[in-house]
Amino acid sequence: MQRYRTQYTERNKPGLEGAIEIEMEVVSDYLHVGSGVYDIEILKPLDNIQQLVESALKGSIPDLSGYFSPVTHEMAKYGEKLVIPGSTVKGLVRTRLELSIPSSCYVVSRNSNSSSEVYKRIFRNPRHKYSDRFPEQVCPVCDLLGNAGLASRVSFSDLVMTQGKAEFVKVHNEYYESAVKGSKFRGKVLYHSFNNVDLGMLLYGMGFRSKGGKLEGKVMLMGRFKYSDRRFGRVRFSLVKGEYVNALNEFIKKYNPLDFNEEW
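Residues numbered from 1 in each chain as written. Predicted model: local features only at pLDDT ≥ 70, side-chain atom pairs only at ≥ 80, totals over all residues. Heavy atoms only, no water.

1. Structural notes on the overall build of the protein
Next, step 1: Helices and strands together make up the secondary structure of the protein, namely 6 helices and 17 strands.
Next, step 2: Counted over contacts in the protein with a minimum sequence separation of 6, partners at least 24 positions apart contribute 77%.
Next, step 3: For the protein, the exposed surface amounts to about 14300 Å²; the carbon and sulfur share of it is 49%. (Helix = DSSP H or I, 4+ residues; strand = E, 2+ residues; numbered from the N terminus. Contact = heavy atoms within 4.5 Å. Areas by Shrake-Rupley, 256 points an atom, 1.4 Å probe, with all protein chains shown as cover.)

Structure below.
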């Protein structure tokens, strides 16, 4: 197996390990990250089902809006608190690193025939096709975050809301439970067998940039409607404690990554 960064056996050698506590703030009006759970209430009984079925079979689509409430889509919860799944955060980090590092895999849907024009404008559509060099070659992103048969060296906890509230926002006649502007979520990122470049790569993928000798998070897009509705999907990460400017600079020096302005 050929590797870009290191030999396979070196992944398990002793290196940096620890936890980074992060906070994510909603900076758009709303953020909806779906849980897959939705709800519809029956407003009144369907006493005339047979009549409605016969009408539909004859080609006249009956209006059922008075019988059911609009669909409501929920966010994930831990107890009573909203959470952003760790898998969502990891997916965001992976996508940004794949787009930023030229030598990385670019794992997108093989079946997708189109993508958002806003997405293309932001990320300049650097690669048009699925590109996965694993397992013949392991790119820096797969080496960090894993691939099929290759364990990740990073684990993302769910981010739990610590401040803010949620509202149900109407979009296209359906309602989406959404964290409002200013809401904050906290969680941890665990890492092992790292070096400084790996640490810098992880931070870069979460949107951290060096400003005046300190790390500052840039606006990133996350969740539903991020490319279609300006009210949704903007977040910013920050560190609860710790400074890793040197690690970030080492990563940038080695890979010269691309950067993107996600404020559309």
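2. As for the pattern of salt bridges
Where charged atoms from two side chains of opposite charge come close, those side chains can pair.
Next, step 1: Inspection of the entire model under this criterion finds 14 salt bridges.
Next, step 2: The partner of R186 in a salt bridge is E23, and the shortest N-O contact between them spans 3.0 Å. Of this pair, R186 sits in strand β13 (residues 184–194) while E23 is found in strand β2 (residues 16–26), placing the two residues 163 residues apart along the sequence.
Next, step 3: Overall, E23 belongs to the buried group, its relative accessible area being 15%. (Salt bridge = Lys/Arg side-chain N within 4 Å of Asp/Glu carboxyl O. Buried < 20%, exposed > 50% of the residue type's maximum accessible area, 1.4 Å probe, protein only.)

3. Here's the deal with the confidence of the model for the protein
Next, step 1: Here the protein shows a mean pLDDT of 85. Residues at 70 or above account for 78%.
Next, step 2: Here residues 1–9 scores under 50 on pLDDT; set against residues more than four positions off or in separate chains, the count is 25 contacts. (pLDDT = per-residue confidence, 0-100.)

4. Considering unusual backbone geometry
Next, step 1: The phi torsion at N173 lies on the positive side, around 65 degrees, for a residue other than glycine.
Next, step 2: Position of N173 relative to the elements: it lies in the loop between β11 (166–171) and β12 (174–180).
Next, step 3: Residues other than glycine seldom take positive phi values, yet N256 does so here, at roughly 45 degrees.
Next, step 4: Locating N256 in the fold gives a position in the segment after α6 (245–255).

5. What to know about helix α2 (residues 86–100)
Next, step 1: Across its 15 residues, α2 extends 21 Å between first and last C-alpha, which sits within 8% of the 21 Å expected from 1.5 Å per residue.
Next, step 2: Of all the residues in α2, the buried ones are G86, V89, L92, V93, R94, R96, L97, E98, L99 and S100. (Expected span 1.5 Å × (residues − 1).)

6. Concerning α6
Next, step 1: Those residues of α6 lying buried are V245, A247, L248, F251 and Y255. For α6, the angular spread of the buried residues around the axis is 165 degrees, confining them to a single face. Every exposed residue of α6 that faces more than 90 degrees away from the buried side is listed here: N246 and K253.
Next, step 2: Check the buried side of α6 and you find it contacts α4 (140–145), α5 (196–205), β14 (208–211) and β15 (214–217).
Next, step 3: At the exit of α6 stands N256, carrying a positive phi of roughly 45 degrees. (Arc of directions from axis to C-beta.)

7. Let's talk about empty space enclosed by the protein
Next, step 1: Following the criterion strictly, the structure yields 1 cavity of 30 Å³ or more and no others.
Next, step 2: The computed volume of the largest cavity comes to approximately 50 Å³.
Next, step 3: What lines the largest cavity is R96, S100, Y204, R209, K218, M220, L258, D259, F260 and E262.
Next, step 4: Broken down by class, the residue content of the lining of the largest cavity amounts to 4 nonpolar, 1 polar and 5 charged. (1 Å grid on protein atoms, 1.4 Å probe; cavity = no way out; pocket = protein on both sides within 12 Å on 5 of 7 lines; lining within 4 Å. Points joined across faces, edges and corners; volume = space filled by probe spheres on them. Nonpolar A, V, L, I, M, F, W, Y, C, P; charged D, E, K, R; others polar.)

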